[in-house]
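Close look at the chain arrangement
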Amino acid sequence: MSRPTTAGRIVVGVDRSYAGLAALRAAVRLARRAGAPLYAVRAWTFVPLWRPGTMPWLWQEEFARAARAYVRDAFETGLGGQPRDVTVRVVAEQGYAGQVLVDEAWRETDVLVVGSPRRGRFGSKGGHVTRYCVSRASVPVVTVPAPDWARAEAIRRFGRDLERFPR
């Protein structure tokens, strides 16, 4: 007989930045420890210039498909593939990333995990999505910084250069 789990879901915002990959790894560890399912969320936006607010359904499906592929690629990059011992659900939603994450992590027992980029120029900690989630989420939010080695300026510049090349 399997024991019932009282654990909620672990909801993680997926990003291929160093902080985002660290958050993905931390979320997988939390899900393993709690025996909870992992919801890997990628938000996407597209505003057509020719007629704001309209987008053909076919394009929406294509953007959602690309977002799901982005999540699979992040798992490959950060963990060598999706973990087999954790139930993973990939969620690709249209909208602002912070709002999509807060909307996805709504249950009382959920935990939201987001990557936290380096400290900003004016001393504010975290990026705008991280700040949005921390200030508006009704569930506990775990912010995960980038590894120390990724904070060196040369590494950040190299990472930005790599992101410019298509995969």
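Presented here is a report on the structure given in the accompanying data block.

So, the nonpolar core
Counting residues in each nonpolar core, the largest one holds 21 residues, and the members touching the most others are Ile10, Val12, Val14, Leu38, Phe75 and Val113. Of all the secondary-structure elements, those providing two or more residues to this core are strand S1 (10-13), helix H1 (18-34), strand S2 (38-44) and helix H2 (57-79). If you tally residues by element for this core, the top one is H1, at 8 residues. Counting 15 residues, the second-largest nonpolar core is a separate cluster that includes Tyr39, Val41, Val91 and Leu101.

A look at H1
Taking 1.5 Å of rise per residue, 17 residues should cover 24 Å, and H1 covers 24 Å from first to last C-alpha, within 8% of that figure. By the burial criterion, the buried members of H1 are Ala19, Gly20, Leu21, Ala22, Ala23, Leu24, Ala26, Ala27, Val28 and Ala31. Positive backbone phi, approximately 70°, marks glycine 35, located one or two places after H1.

Describing the sheet that holds strand S4 (residues 111-116)
The pairing of strands in a sheet happens through backbone hydrogen bonds and is either parallel or antiparallel. Sheet architecture is open: 5 strands sit in the order S3-S2-S1-S4-S5, paired in parallel fashion. Looking along the sheet, the strands with just one partner apiece sit at the ends: strand S3 (88-94) and strand S5 (141-145). Each strand of the sheet is rotated relative to its neighbour by a mean of 25°, with strand direction disregarded. Two elements, S2 and S3, share 7 bridges in a ladder whose sense is parallel. Within S3, the residue paired with tyrosine 39 across the bridge is arginine 89. Strands in contact with helix H4 (residues 128-136) are S4 and S5; relative to S4, the strand with the most contacts, it is inclined by about 150°.

As for the side chain of arginine 16
Assignment of secondary structure puts arginine 16 in the loop between S1 and H1. Residue classification places arginine 16 among the buried residues on the basis of a relative accessible area of 18%. Side-chain polar atoms of arginine 16 contact the side chain of aspartate 73, separated by 2.7 Å.

What counts, and at which threshold
Residues numbered from 1 in each chain as written. Predicted model: local features only at pLDDT ≥ 70, side-chain atom pairs only at ≥ 80, totals over all residues. Heavy atoms only, no water. Core = buried A, V, L, I, M, F, W, Y, C linked by side-chain atoms within 4.5 Å. Buried < 20%, exposed > 50% of the residue type's maximum accessible area, 1.4 Å probe, protein only. Helix = DSSP H or I, 4+ residues; strand = E, 2+ residues; numbered from the N terminus. Expected span 1.5 Å × (residues − 1). Pairing = 2+ DSSP bridges. Axes fitted to C-alpha atoms, helices over the stretch in contact; angles between N-to-C directions. Contact = heavy atoms within 4.5 Å. Polar contact = N/O pair within 3.5 Å; in protein donor to acceptor, adjacent residues only side chain to side chain.

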